[in-house]
Amino acid sequence: MRFAVQTWSTDLDAVKAYARDAEAMGYDALWYGDGLWPWTHEGWTVLAALATLTTRIRLGPAITYLLDRAYRHPSLNA
């Protein structure tokens, strides 16, 4: 059985600590919520930052928006 956690936040220090703690506690994955709301940052950028702090835990987007080309063109994710 595998376990994952998810977070949505604009407090980057808290998100970094959350990722380190999740990895230390043995979670298998952490999902960061990408969104168009004021309580998240651009998800792929946050995941890249978290990748520099972790070694084992899998990271991924809880959701990725491709609906509004002004926000993120689909070719960027392709």
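Criteria and cut-off values
Residues numbered from 1 in each chain as written. Predicted model: local features only at pLDDT ≥ 70, side-chain atom pairs only at ≥ 80, totals over all residues. Heavy atoms only, no water. Helix = DSSP H or I, 4+ residues; strand = E, 2+ residues; numbered from the N terminus. Buried < 20%, exposed > 50% of the residue type's maximum accessible area, 1.4 Å probe, protein only. Contact = heavy atoms within 4.5 Å. Areas by Shrake-Rupley, 256 points an atom, 1.4 Å probe, with all protein chains shown as cover. Core = buried A, V, L, I, M, F, W, Y, C linked by side-chain atoms within 4.5 Å.

1. Section: the overall build of the protein
- When helices and strands are counted, the protein shows three helices and three strands.
- Sequence-ordered secondary structure for the protein, helices as α and strands as β, is β-α-β-α-β-α.
- Looking at the protein as a whole, 29% of its 78 residues are labelled buried.
- Here the analysis covers contacts within the protein between residues at least 6 apart in sequence; of these, 67% occur between residues at least 24 apart.
- Here the protein displays about 5,100 Å² of accessible surface, and carbon together with sulfur accounts for 58% of that area.

2. Here we look at the nonpolar core
- One finds Val5, Val15, Ala19, Ala22, Leu30, Tyr32, Val46, Leu47, Leu50 and Ile57 forming the largest nonpolar core, which totals 10 residues.
- When contributions to this core are tallied by element, the ones reaching two or more residues are helix H1 (12–24), strand S2 (29–33) and helix H2 (43–51).

3. Brief notes about the side chain of Thr7
- Along the chain, Thr7 turns up in strand S1 (residues 4–7).
- Residues contacting Thr7, with those up to four places away along its chain left out, are Val15, Tyr18, Leu30, Trp31, Tyr32 and Gly33.

4. A closer look at the environment of Leu53
- Considering the arrangement of structural elements, one finds Leu53 in the loop between H2 and strand S3 (58–63).
- With relative accessibility at 31%, the residue Leu53 sits in the partly exposed group.
- Between the alpha carbons of Leu53 and Lys16 there is a distance of 7.5 Å; along the sequence they are 37 residues apart.
- Once residues lying within four places of it in the same chain are set aside, the contact partners of Leu53 are Lys16, Arg20 and Glu23.

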